[in-house]
Structures are given as structure tokens and as C-alpha cells.
Amino acid sequence: MEPGKTSNPEKNRGFKNKHFYNLREYSLVGISYTLLTIILTYPVLFKIKTDIPGTGADSFQWMRILWYTKIPIQEADLAAFTHDHLLFYPNGIESMPFSSAFNQILYVLMSPFLELHVIYTILWLLTFIIGAIGAYLLVKYLTDNKYAAFLAGLVFAFSPYHFSRGLYFFGAATVQWIPFCALYLMKTVKEEGIKNPILAGIFFILVTMSDLQYLVFMGIFAGLVFLYHFYLTFRAERNFTLSVKKIAKNYFIFGGVAFLGVLPLTINEILIALSNQNFLKPSMAEIPKLSNDLMSFFLPSHLHPLFGQFTLDLYSNIPSWPAERVNFIGYTVLGLSVLAFLKSKRKPDIKFWLISAFFFTIISLGPILHFNGAFSFTNFNLEIPLPYEILYNTVPFLKNCRTVGRFFVIATLGYSVLAGYGFSELLKYKPDRKKLIFTIVGFLLIFEYLSIPYPTAQVNVPDFYYEISNDTDNYAMLEIPQDSNAGYMDFQYLYYQTVHNKSLVGGYAARYPPNINKFQSETPLIKELKYYSLQTEDILQQDVTDIGTSVLNTYNIRYVIIHKNQLSSEQLEFVNDLLEETLKTEPKLYAEDGLIVYRVPDETIRPFMLLGDGWNLKENWDGTSTRLISNNATLSVYSGDTEDAILKFQACSLHSPKTLEVYNGKTLQSKQNISTNLSTVNIPITLKKGKNVILLNIPEGTESPCDFPELKNKNTRELSIAIQEIELIDSPAKLLSKG
């Protein structure tokens, strides 16, 4: 022992006892919330081997997001984080690499030991357990009442908001770090030192790693905390500059920590948002529909075992997605919040949480008030504007937030804190009956929020996908139907990819750039299979049954899989007939799984054409498909070998004769004079093996119909020639060799 220092056994013993008591308390709290999670999400845990929580849908996409996190790591290709080459084959799609980085990292760590759907379920259950503990710690800190804190944990973690988003929006269900961030922000207000703002910054990063929209919501909440801290400091100091200086340091620390952690996670989205092609920004028409309906705050969840049958029809009036409609606060929580409000005069903390809960509730209603699905009221169709539009035009990147109703997640935390304050006040009336009151209020709360039995979805994968999972060849697959989900791929196809690991023609993404479906909509055979029709003629004259196999082989599409139970009898008949005539092979049937699988025969590629850039929209000229070009346009011709061919088409100039130059790559193939009368043009071209880009160029430039009074046409487009009926025919030498 050092000189001058004496031990204090009583103090040491008290210190140890306090830590032992805290450990015991928090362990009991954690165990209690775990047991409640198992009970209140029944039968999720008991079906963990076969099912996932929720109704499927986006859940399958979220499982694929988790799975895809490993692909760039396995391939040692960082670019694959931001460009997903396994969907929307062959071009791929820009992707958001860290939609829910926290869950993605845990999946990568757990994947060597557990199956994907089991990991998904475990992570989903943890959102309830950890979220409840976080709210408990927050309210215990604010009220110093463990009973109030425990109820607050129930309110936040088991809220109808959480249960509803958990049906298939995994990112939105990952709410657990929000109360932890709020806790350390409140500690920053109440305590000295830099530890709390650092921890608040760390938990802010974890919120960002849960769902990128929550980054914006939590950022706004942090702004409110700063204003509250400034208000308290200014009230004490009565000096504006001094008040700012006194608190600025801690918030710079918080902001610096958060910024350093958030920037790497969001840099890709920031660059897209700042670009001229911000495909992350939703249309204005979506925002009111995905805002909360005022009625939803007072309507028990449609998942409730008793009330759900009565509220389901009312919820169907709300135009949002089913999982976004439910925001029930609960009458027990409202009652406790009112009690907290009545006691708030002397407690600025309660005022802050009242303002926060009200603020985020109002903001979640979006730009226009709607009730029971109605956006206008009275005989005058009165619309009531709301404050969200002010935020929309001032908060950075808020324009990229589509589901405005999710602002309510912060309000849910506010109501849980208010319920804790209210319950703490309630216990003051009967302190000797606190356990009884706790039991009654807890029972009422759980009953209002009940969602038992919680829906689950099976994760069955057809045998075919397991069969090809061991195939190490790289190729793509075409799933039929291609657009069973709002014009995009069925979510389950995405989950099947986690088994077979092959590229898919088409796909699904929450946000996508324009023309993402161009390949499916313009490629021969694939477009006919998409639209279930041969009436898709354009200016290209080629028989899809002659070239279809060559198209699939060119793009290395090895299998066409028909999900027959998802097609009408007419669609199924069309698809089968077209594939049999094109591929000239028998499919393999998987009757139990409802699959018909065609393997594409490997054969020499016959030349076929695709329209490239520079073409105007298709027009109908006297029953004939016609396209106009400006000064140039391209045509892609694919060939299995080097050969000579003739490019034959009908063409005419708009107003005055033009010269048409035809190039294959940089090599001039021919020059032709195009008159103003429609006439046949034959262009001899030499095709190389693979892709040939044929350029049609008009050196004289363009003309606008509006510039020539005699045409009596107000069209202002810059045009040169019109083209019809493009054919690719054998050269005379090739015909002679065939003869």
C-alpha cells in the first residue's frame, strides 16, 4: 500500500454490492424481455427451422440483401457493393451497399454456423429484446423508477408500429438502437464530460446501420435535444453567446463521431442524391400515400387476435402498404401520457418528451392530413396542409425518404417515455400497491398491443435450385413470370438465388434507375415472354422462333424456369408453345414445386438484331411500324461467326434528300442517297464474330418539320430520315454457297 493511503472496506463493499445489484437487475430485465419476446411473437421462435416471421414479401428480399453482403467479399470486388451484377442481368443495377449494415455484419459473422433464414429470425427477435432494454435504461435514468422503466420498454419494443413493420420491412423493424442513442443524448444534457456525447455518436452510427431513413429521423431528434439543452442553459445563464459556447463542444464531439462513422456507410447514397440522376428520390405522389393516416393512431392493429377482425376493413381504406398502416398508440399509453402532461408544469424533461412525441406524430402525417383514407373534407374538398412540407424543403436528404409514416418510430419512443413518467406519477398515489398497479397496467398494455399468433412464412426452396447450386459454371436464368410484383420480380425468386447463386434476368429493388427493365422489354424472345404476346413487332423484321435460342446463348442464359401456378392458363399455354417451338427441346417437370424448366440447347449463334441508341419512338405509318432518327442511330447485330450479310430496309428523308453513311464500328461499309420517297435500301456489311455496332449517320444533319410551312407540321423535333422493316439477309455469296 502506498504511504498516506488507507483502504475503506465499507466503501469497497458498497461499490461491489451496487454493481452486483445492477448486474442482477439488468439480468432479470433482459431475461424477462426475452421471455416476453418469445411469448408475444409466438409462434416465431418455435418455427425457426422452417419459417421466418412476417408474411414473406419483402422479407425474402431482405434475406437476399443479407446474403449478398458476402458476394463482394468472396469475389474481392469492392465495386460489387455498389453495383449488383446478379440482378437485372446482363447490366446489373446500382445498389445501396449498407441498407442495414448492423444486420448485414452480424449475418456475415453468423453465416458459417447457421442458415440464412435462421439468422434472419434471430436478428428479428433481437430487435424486440434489445429495444426493450434500451427503453428501460432510458426511462430508468429519467425517472429512477424500475417499474415505470419496464413498462416503457414494453411500450417501445412491442408497439404495433414495430409488429406491423416487422411483417416484412426488416430495416424498419430494426429499432433497437434508437433508445440507446436517446439515452446518451439526454445524459449529454444532464451530465458533464465528453463520454456521453461520444457514446451518443456511437449509438447514432448504430441507428444509421439499422435503417438509413432512421439516420435522418434521429438526426432531427438530436437537433431537438440540442435546442432543449440550449433552452435549459440559456434559462440559467441568460446569455445567448455564453449558452451556445457552453454546450457547443459536446455537440461538436457528438456530430464528429457520428459523421466519421456515418459517412462511409452513406457516401454512395449521398453521391446519388447529389447527382442529376437521383433515382432514390420518390415521386411526390407517393409521399402522401406513405404518410400516416390520423385514424391509425387510435385504431388497434389488424394483427390483434380479438380486435383485428373489426379493424381490418377500416385499415383497408388507408392507401399505404399494409405493413405501413398500423400506428396504434394504445389507450393505456395515452392515459399515462395525459397524466404525465398534467404533472409537467414543474418538469421540463416531461415537456421536452411531450413536444418530441407530438412533433414526430404530426410530421409522420406527411404533407396533407388524411383520415380513413380521405385527403379532402367537406363539400368544398378542403385539403389541410401540414408542417412536413417545411421539413421536406429544409432538411438535407429528406427528399429521399419515401415512407414518411416511419417518422412515428421516434414518436413511439416519446410515448414510451411519457408512459414511464405517467406511471411513475401514478405510483405516487398508491406506493404500497405498486406491484398490483404494475401488473394491472402491464396486462392492459400487453392486451392492447397483442399480435398473437404472429404470422410466419415458410422458406421452402424448389428442388431444381438445389440441383444447380453445385454447378460452378457462370450463367444466367430467366424466371417466368418476370413481373409478378408490381412490374418486378417475385420476392421469392430473390431468395432462391441465395441457394443457386446464378444471375437473374430482371429482379427487384426498392429504388431503381430509369430504364432498368430495358433489356427485358427490348430483347427478342425475352420481351415476348414478358408480355405473353408476339404482337411486339417493331421495325426489326426477324422471326423470334428462329433467333430465340441464339439470343439466349448470346447472353449465356442457360435455363428458363416457368412458375406455372403463377400464370393463367392462357399465359402458360403461350409460354410453353413459344419455348417449345423456339428451343425445340422437352422441358423437365417439377410437379411438386409447380415448375417447368427448359434448358437452352447449346448451338451456333444465328445473326440477330437489337435497336441501339438514337431512335425516336415507334410510329404507325399506314399500318407499318416506323422510327425516325436525328443525325445518327445505332443497331447492334450479333453473329456467331465472321460473315457477309445484307442490311435491307425501307427509308425516306424528311424534307430534302440525305446521304446515309453506314459504319460497322469505325469501318465505313456503304454510302447511300436517301430520297424523300420511301424506297428500299440494301447495305452490304461484314459481320465479325460477337457484337457488331452498326452506325447509321446523316452527315448533313437534321431538320425540324416546323421549319417548312409546306409541311403544315408544328413538330419541333430534330429529324433526318424515317426507317421501316429492317431485315438481315444472307449475302449473294452465302446464298450461292448454301445452294
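What you see is a predicted model; the values in this text were computed from it and never measured.

### Details of the overall build of the chain
Here's step 1: On a plain count of helices and strands, the chain comes out with 26 helices and 19 strands.
Here's step 2: Dimensions of the chain, computed from C-alpha atoms along their principal axes, come out at roughly 110 × 70 × 60 Å.
Here's step 3: With 739 residues in all, the chain has 55% of them scored as buried.
Here's step 4: Restricting to contacts in the chain with at least 6 residues of sequence separation, those with at least 24 account for 75%.
Here's step 5: For the chain, the exposed area adds up to about 34200 Å²; of that, 58% sits on carbon and sulfur atoms.

### As for the sheet that holds strand β10 (residues 608–611)
Here's step 1: Spatial ordering of the open sheet is given by β10-β13-β18-β15-β16, a layout of five strands whose pairing is antiparallel. Strands at the two margins of the open sheet, each flanked by one partner only, are β10 and β16 (667–674). Strand-to-strand twist in this sheet, taken as the mean axis angle between neighbours without regard to direction, amounts to 20 degrees.

### Section: the confidence of the model for the chain
Here's step 1: Mean pLDDT for the chain: 91, with 95% of residues reaching 70 or above.
Here's step 2: In the model, residues 1–6 has pLDDT below 50 throughout and makes two contacts with residues more than four positions away in sequence or in other chains.

### Quick notes on the state of the cysteines
Here's step 1: Inspection of every chain in the model, using the stated rule, returns zero disulfides.
Here's step 2: With no disulfide of its own, Cys-652 lies closest to Cys-706 among cysteine sulfurs, the gap being 18 Å.
Here's step 3: By relative accessible area, Cys-652 is classed as buried at 8%.

### Describing helix α19 (residues 434–449)
Here's step 1: In this model, α19 (16 residues) spans 22 Å end to end at C-alpha, consistent with the 22 Å of a helix rising 1.5 Å per residue.
Here's step 2: Within α19, burial applies to Ile-437, Val-441, Gly-442, Leu-445, Glu-448 and Tyr-449. Taken down its axis, α19 places every buried residue within 130 degrees of arc, on the same side. Exposed residues pointing more than 90 degrees away from the buried face of α19 are listed as Lys-435, Thr-439 and Phe-443.
Here's step 3: Elements in contact with the buried residues of α19: α6 (146–157), α7 (160–165), α15 (331–342) and α18 (408–427).

### A word on the side chain of Asp-490
Here's step 1: Looking at where Asp-490 falls in the secondary structure, it is placed in the loop between β5 (476–480) and α21 (491–500).
Here's step 2: For Asp-490, which is buried and forms no salt bridge, the nearest opposite charge comes from Arg-64, at a distance of 12 Å.
Here's step 3: A polar contact of 2.8 Å, which involves the side chain of Asp-490, links it to the backbone nitrogen of Gln-492.

### Quick look at the sheet that holds strand β6 (residues 503–504)
Here's step 1: The five strands are arranged β6-β5-β7-β9-β8 in an open sheet whose pairing can be described as mixed. One side of each edge strand has no neighbouring strand; the edge strands of this open sheet are β6 and β8 (588–590).
Here's step 2: As paired elements, strand β7 (residues 557–563) and strand β9 (residues 595–599) share five bridges and run antiparallel to each other. Across the sheet, the residue bridging to His-563 is Leu-595, located in β9.

### A closer look at the packing of helix α11 (residues 212–237) against helix α12 (residues 240–274)
Here's step 1: The contact between α11 and α12 brings their axes to 9 Å, and the two run at 170 degrees. By the angle between their directions, the pair α11 and α12 is classed as roughly antiparallel. Listed contacts from α12 to Leu-212, Leu-215, Ala-222, Val-225, Phe-226, His-229, Phe-230, Thr-233, Phe-234 and Glu-237 of α11 are Phe-240, Leu-242, Ser-243, Val-244, Lys-246, Ile-247, Tyr-251, Phe-254, Val-262, Thr-266 and Glu-269.
Here's step 2: Looking at the contact of α11 with α12 residue by residue, the class counts come to 14 nonpolar, four polar and three charged.

### A look at the pairing of β16
Here's step 1: Across seven bridges, the pairing between strand β15 (residues 658–664) and β16 is antiparallel. Each residue of the ladder has a partner; that of Asn-664, found in β16, is Thr-667.
Here's step 2: Linking β15 back to β16 in an antiparallel pair, the connection comprises two residues, with Gly-665 at a positive phi of about 65 degrees.

### Examining the nonpolar core
Here's step 1: Counting residues in hydrophobic clusters, the biggest one holds 161 residues, and the most contacted among them are Phe-158, Ile-178, Met-218, Phe-221, Trp-353 and Phe-464.
Here's step 2: Top contributing element to this core by residue count: helix α5 (residues 116–143), with 14 residues.
Here's step 3: Other than its neighbours up to four places away in sequence, Phe-221 contacts Ala-182, Leu-185, Phe-352, Trp-353, Ser-356, Phe-360 and Ile-410.
Here's step 4: In this structure, Ile-526, Ile-547, Val-600 and Tyr-638 belong to the second largest nonpolar core, which totals 30 residues.

### Some thoughts on the environment of Leu-215
Here's step 1: Structurally, Leu-215 is set in helix α11.
Here's step 2: As for Leu-215 and Ile-178, which are separated by 37 residues in sequence, their C-alpha atoms are 9.8 Å apart.
Here's step 3: Sequence-distant contacts of Leu-215, defined by excluding residues within four places in its chain, comprise Phe-204, Val-207, Thr-208, Val-262 and Thr-266.

### Things to note about the pattern of salt bridges
Here's step 1: Counted according to the given criterion, the structure contains 17 salt bridges.
Here's step 2: Residue Lys-428 pairs with Glu-425 through a salt bridge whose shortest N-O separation is 3.2 Å.
Here's step 3: Looking at Lys-428, the relative accessible area reads 55%, which means it is exposed.
Here's step 4: Residue Arg-717 is joined to Glu-619 by a salt bridge in which the shortest nitrogen-to-oxygen separation is 3.0 Å. Separated by 98 residues along the polypeptide, Arg-717 in the loop between β18 (690–697) and β19 (721–730) and Glu-619 in strand β11 (residues 619–621) bring together distant segments of the chain.
Here's step 5: Judged by relative accessible area, which is 28%, Arg-717 ranks as partly exposed.
Here's step 6: Under the relative-accessibility criterion, Glu-619 is labelled partly exposed at 23%.
Here's step 7: Bridged by salt links that share partners, the residues Arg-165, Glu-324 and Arg-406 form one connected network.

Quick notes on the rules
- Residues numbered from 1 in each chain as written.
- Predicted model: local features only at pLDDT ≥ 70, side-chain atom pairs only at ≥ 80, totals over all residues.
- Heavy atoms only, no water.
- Helix = DSSP H or I, 4+ residues; strand = E, 2+ residues; numbered from the N terminus.
- Buried < 20%, exposed > 50% of the residue type's maximum accessible area, 1.4 Å probe, protein only.
- Contact = heavy atoms within 4.5 Å.
- Areas by Shrake-Rupley, 256 points an atom, 1.4 Å probe, with all protein chains shown as cover.
- Pairing = 2+ DSSP bridges.
- Axes fitted to C-alpha atoms, helices over the stretch in contact; angles between N-to-C directions.
- pLDDT = per-residue confidence, 0-100.
- Disulfide = S-S within 2.5 Å.
- Expected span 1.5 Å × (residues − 1).
- Arc of directions from axis to C-beta.
- Lys, Arg positive; Asp, Glu negative; His and termini not counted.
- Salt bridge = Lys/Arg side-chain N within 4 Å of Asp/Glu carboxyl O.
- Polar contact = N/O pair within 3.5 Å; in protein donor to acceptor, adjacent residues only side chain to side chain.
- Parallel < 35°, antiparallel > 145°, perpendicular 65-115°, else oblique.
- Nonpolar A, V, L, I, M, F, W, Y, C, P; charged D, E, K, R; others polar.
- Core = buried A, V, L, I, M, F, W, Y, C linked by side-chain atoms within 4.5 Å.

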